[in-house]
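Here are the chains, one letter per residue:
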Amino acid sequence: MTKGKRKFETAVIHHGYSSENHSDSLAPPLYQTSTFTFDSAEQGARRFAGEEEGYIYSRLSNPTVNMLEERLALLERGEKALAFSSGMAAVSAVLLTLTKASDHIVCSQGVYGCTFGLLQMMEEKYNITHDFSNMSTREEIESVIQPNTACIYVETPINPTMKLIDLSLIVEVAKERGIPVIVDNTFCSPYLQNPLEIGCDIVVHSATKYIGGHGDVIAGILVGKTDRMIDIQSTTQKDIGGVISPFDAWLLLRGLKTLPIRMDRHCENAEVIFAYLKSHPLVEQVYYPGDPDSEDYSIMKAQMRKAGGLISFEIKGGKETAQQFMNSLKLIKIAVSLGDAESLIQHPATMTHAVVPSEEREKMGISDRLLRLSVGLEATDDIINDLDRAFSTVLTMQEC
Ligand SMILES: *Cc1c(COP(=O)(O)O)cnc(C)c1O
């Protein structure tokens, strides 16, 4: 059986590591070192000249980091992966590599708050402009593409509204014009969606979320074709330097082993919580890709294996009700981030998307009563009990 043919559940545990090269250590060793020694001055010179394979310095490459990158390249069905010190280090590396001053970026209407901030900074400092688009039809995408469009940047599901973008449609339009497509695949993890298989060019992950899965690492990943990845590695990654630490790479290798099991449970739990929220009288709207009544349901079926573990919902009332509700929760923790074992809830308008001006927020569909719940791995009965108590508290307060 060749390595590439191994099933996902096996690859998350074994791919990219062989114990015989590492003193038969079952667990991948942590190479916690900044630099590597050369046998001789000549060997150092050969390594720098690229005439001899081998490690030089951990900002350029490191064995523990390489194991992680090899594993993720396979899991995302790409050729090569690069690991970064944060999701934003990965996002900025790819956007800064693919653009030059006065270029243009087409972006999904709705992106991670700091990606929005980065696009603004690129416009202010380098005149790299951008347009947001709902991207729901070919016309909508085509209408914002310009002669200087350097890339199309897409999030799906979109944070926090859970809207989906049809990746095959984006690829169709982009391929006709030779424009690379970048997809932030954080909400799905490589287990639920593989944009490279659909024809997208580069996948971005905040590995802080499902890939790490335990709320103890900040990290980012890029996956794509070898030549593109080498281009990013030898420019923005090397010279801006947002590389991952060997220890964080080691933690991700550890977290990855249970990714499929965790994702299955996140998805199962989310289905149960969705049904509960959907029928709750204090809930105005629920946004969840697995909602059969959602207009994006067919896109979910076409490009995702399951609907994921995130649910956003609008509570009846306003910002204060949303905050009261959060303050009444005990088991579910108030925190940004997602994809951890713990259920987490946050208020996008004042937290993850507070940097987005209110006018833009409205266009993105982020109201003051919207809450985003990352469904954890706890028993659904306990999660529902917690939600139930918080809803009752809010109701009592409203009646007073
Ligand atoms: C968290 C997140 C990021 C940023 O990742 P960091 O690891 O926090 O830098 C980017 N995109 C999405 C969708 C995220 O959820």
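An unreviewed UniProt entry annotates the chain as L-methionine gamma-lyase originating from Bacillus spongiae. Looking at the Sequence similarities (unreviewed entry) heading of the UniProt record, one finds this comment for the chain: "Belongs to the trans-sulfuration enzymes family. L-methionine gamma-lyase subfamily." Under the UniProt heading Catalytic activity (unreviewed entry), the entry covering the chain gives this text: "L-methionine + H2O = methanethiol + 2-oxobutanoate + NH4(+)".

1. Digging into the site of the ligand
In the vicinity of the ligand, the contacting residues are Ser 86, Gly 87, Met 88, Tyr 112, Asp 184, Thr 186, Phe 187, Ser 206, Thr 208, Lys 209, Ala 219 and Leu 338. At 2.8 Å, a backbone N or O of Met 88 approaches an oxygen atom of the ligand. One of the side-chain N or O atoms of Lys 209 is found 2.7 Å from an oxygen atom in the ligand. With the chains in place, 93% of the 380 Å² that the ligand exposes on its own is no longer accessible.

2. Some details on the nonpolar core
Counting residues in hydrophobic clusters, the biggest one holds 69 residues, and the most contacted among them are Leu 68, Leu 277, Phe 313, Phe 325, Leu 387 and Phe 391. Looking at which element gives the most residues to this core, the answer is helix H12 (residues 259-278), with eight residues. Residues from two domains meet in this core; each of domain 1 (8-256) and domain 2 (259-399) gives at least three. Counting residues in each nonpolar core, the second largest holds 31 residues, with Leu 98, Ile 105, Val 204 and Ala 349 among its members.

3. What about the pattern of salt bridges?
One pass over the full model with this rule turns up 17 salt bridges. Across the pair Glu 176 and Arg 138 runs a salt bridge, and its minimum N-O distance is 2.9 Å. On the criterion of sequence distance, the pair formed by Glu 176 in helix H7 (residues 167-177) and Arg 138 in helix H6 (residues 138-142) is long-range, its members being 38 residues apart. Judged by its relative accessible area of 52%, Glu 176 falls in the exposed class. Here Arg 138 falls in the partly exposed class, since its relative accessible area comes to 22%. For Asp 201, the salt bridge is made with Lys 175, and the minimal N-O distance between the two is 3.9 Å. Separated by 26 residues along the polypeptide, Asp 201 in the loop between helix H9 (195-198) and strand S6 (202-206) and Lys 175 in helix H7 bring together distant segments of the chain. According to the relative accessible area criterion, Asp 201 is buried, its value standing at 16%. A residue is classified by how much of its surface remains accessible, and Lys 175, at 49% relative accessible area, is partly exposed.

How each quantity is defined
- For every chain, the first residue of the written sequence is number 1, and numbering continues from 1 along that sequence.
- The model is predicted, so local features are restricted to residues of pLDDT at least 70 and side-chain atom pairs to those at 80 or more, both for listing and for counting; the totals for chains, interfaces and linings are taken over all residues.
- To obtain the side-chain values, all non-hydrogen atoms of the structure were included, while hydrogens and water were left out.
- UniProt positions are given in the numbering used here, feature names are shortened, and annotations may be inferred rather than shown by experiment.
- Being near a molecule or strand, for a residue, means having at least one of its heavy atoms within 4 Å of it.
- What qualifies as a polar contact is a pair of N or O atoms within 3.5 Å, subject to a donor-acceptor requirement within protein and to the restriction that residues adjacent in sequence count only when both atoms come from side chains.
- For the accessible areas, the method is Shrake-Rupley and the probe is 1.4 Å, while residue cover comes only from the protein chains on display.
- Put simply, a nonpolar core is a bunch of buried Ala, Val, Leu, Ile, Met, Phe, Trp, Tyr and Cys residues held in one set by side-chain atoms that sit within 4.5 Å of each other.
- Note on classification: 1.4 Å probe, protein chains only; a residue is buried when its accessible area is under 20% of the maximum for its type, exposed when over 50%, partly exposed between these limits.
- Numbering of helices and strands runs from the N terminus, with a helix taken as a DSSP run of H or I at least four residues long and a strand as a DSSP run of E at least two residues long.
- Bear in mind that the domain bounds are from an automatic or database domain assignment.
- Any carboxyl oxygen of Asp or Glu that lies within 4 Å of a side-chain nitrogen of Lys or Arg is treated as forming a salt bridge with it.

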